[in-house]
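Architecture at a glance
One-letter residues, chain by chain:
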Amino acid sequence: MARPPQDPQIRITEILNAAEPLFYSKGYHETAISDIAKKLGVAQGTIYYYFKSKEELLEALINRVLSDYISKIKMMIHSNKIPLCNKFQVVIQTLFQSLYHEDGLTFEFLYNDGTIHFLDKLSRQGDRLLAPLLLEIIEEGNREHFYHAAHPQAVVNIVLSILDSLINAIYERVPVEILRYQFKLAEKLIETALGAEQDTIQILINNELY
């Protein structure tokens with residue numbers, strides 16, 4: 001087995017960078033640890049030194065994507081360059097932009113009966129991480145009288161449910177016209193939940209799907 005580098009994170013990043021395109025091009029089930037090792041130019045034992053299984057490797061990849069997304073959101077929330085009135089919709093727009101990977105969807109290779117539980121886990125983890133950030137925006141909006149949400153945590157729960165339904169529709173390849181209508185309806189529902197003025201939440205960018 002190859003000797004691990006002094007900084008384990010360097011090798012972990014290399015492994016994830018090698019595995020990710022293989023999962024997209026060949027599929028998760030079709031990609032073997034040996035494929036990842038071959039692409040990286042190391043022995044299979046090197047991969048197993050850092051990851052006990054391919055499933056553990058995939059979970060690390062999911063966590064990396066979520067971490068990158070949440071880092072972007074935190075920067076937006078605390079940025080003085082983004083007006084409070086735009087922060088909520090910018091966060092949501094960034095979420096939907098993050099769903100797309102090159103010519104397809106992020107982790108689309110998991111959307112089958114054998115691995116869909118990973119997408120469910122991704123969704124639940126994403127909701128858990130995003131919830132306190134949305135709550136922070138709503139509470140700030142309430143203080144500035146931009147929003148009028150009587151129970152901010154309840155609003156967060158509703159908004160997350162709405163976003164999850166839109167994400168599911170995207171992965172299910174709902175026809176464009178129906179999907180567009182769902183997005184416009186979601187905008188109105190979120191405005192109502194926030195107690196925001198009409199037409200202040202725009203999930204679609206220039207009225208176009210992502």
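Residues numbered from 1 in each chain as written. Predicted model: local features only at pLDDT ≥ 70, side-chain atom pairs only at ≥ 80, totals over all residues. Heavy atoms only, no water.

Helix and strand counts for the chain stand at 8 helices and 2 strands. By principal-axis analysis of the C-alpha atoms, the chain measures approximately 60 × 40 × 25 Å. Here the contacts in the chain between residues at least 6 apart in sequence split such that 65% fall between residues at least 24 apart. Surface summary for the chain: the accessible area is close to 11,500 Å², and the carbon and sulfur share equals 52%. Averaging the coordinates of the 20 positive side-chain charges in the chain and doing the same for the 27 negative ones gives two points 7 Å apart. (Helix = DSSP H or I, 4+ residues; strand = E, 2+ residues; numbered from the N terminus. Contact = heavy atoms within 4.5 Å. Areas by Shrake-Rupley, 256 points an atom, 1.4 Å probe, with all protein chains shown as cover. Lys, Arg positive; Asp, Glu negative; His and termini not counted. Charge placed at Lys NZ, Arg CZ, Asp CG, Glu CD.)

Here we come to the layout of surface pockets. The computed volume of the largest pocket comes to approximately 720 Å³. In this structure, the largest pocket is lined by 31 residues; those nearest its centre are Leu 66, Ser 98, Leu 99, Thr 106 and Leu 122. Taken together, the elements giving at least two residues each to the lining of the largest pocket come down to helix 1 (8-26), helix 4 (54-77), helix 5 (84-97), helix 6 (116-143) and helix 7 (152-171). Broken down by element, the residue count for the lining of the largest pocket peaks at 8 residues, all from helix 6. Here the residues of the lining of the largest pocket are counted per class, giving 16 nonpolar, 8 polar and 7 charged. (1 Å grid on protein atoms, 1.4 Å probe; cavity = no way out; pocket = protein on both sides within 12 Å on 5 of 7 lines; lining within 4 Å. Points joined across faces, edges and corners; volume = space filled by probe spheres on them. Nonpolar A, V, L, I, M, F, W, Y, C, P; charged D, E, K, R; others polar.)

What follows deals with the pattern of salt bridges. Applying the stated criterion across every chain yields a total of 8 salt bridges. Glu 20 is the partner of Arg 64 in a salt bridge, and the nearest nitrogen-oxygen pair spans 3.4 Å. One end of the pair, Arg 64, is in helix 4; the other, Glu 20, is in helix 1, and 44 residues separate them in sequence. Note on Arg 64: relative accessible area 23%, which makes it partly exposed. With relative accessibility at 18%, the residue Glu 20 sits in the buried group. (Salt bridge = Lys/Arg side-chain N within 4 Å of Asp/Glu carboxyl O. Buried < 20%, exposed > 50% of the residue type's maximum accessible area, 1.4 Å probe, protein only.)

Another point: the packing of helix 5 against helix 7. One way to put it is that helix 5 packs onto helix 7 with a least axis distance of 11 Å and a crossing angle of 30°. The angle between helix 5 and helix 7 falls in the class roughly parallel. Viewed along their axes, helix 5 and helix 7 form a crossing whose handedness is right-handed. Contacts between helix 5 and helix 7 involve Phe 88, Ile 92, Leu 95 and Phe 96 from the first element and Val 159, Leu 163, Leu 166, Ile 167 and Ile 170 from the second. Split into classes, the residues belonging to the contact of helix 5 with helix 7 amount to 9 nonpolar, no polar and no charged. (Axes fitted to C-alpha atoms, helices over the stretch in contact; angles between N-to-C directions. Parallel < 35°, antiparallel > 145°, perpendicular 65-115°, else oblique. Left-handed = near helix turned anticlockwise from the far one by under 90°.)

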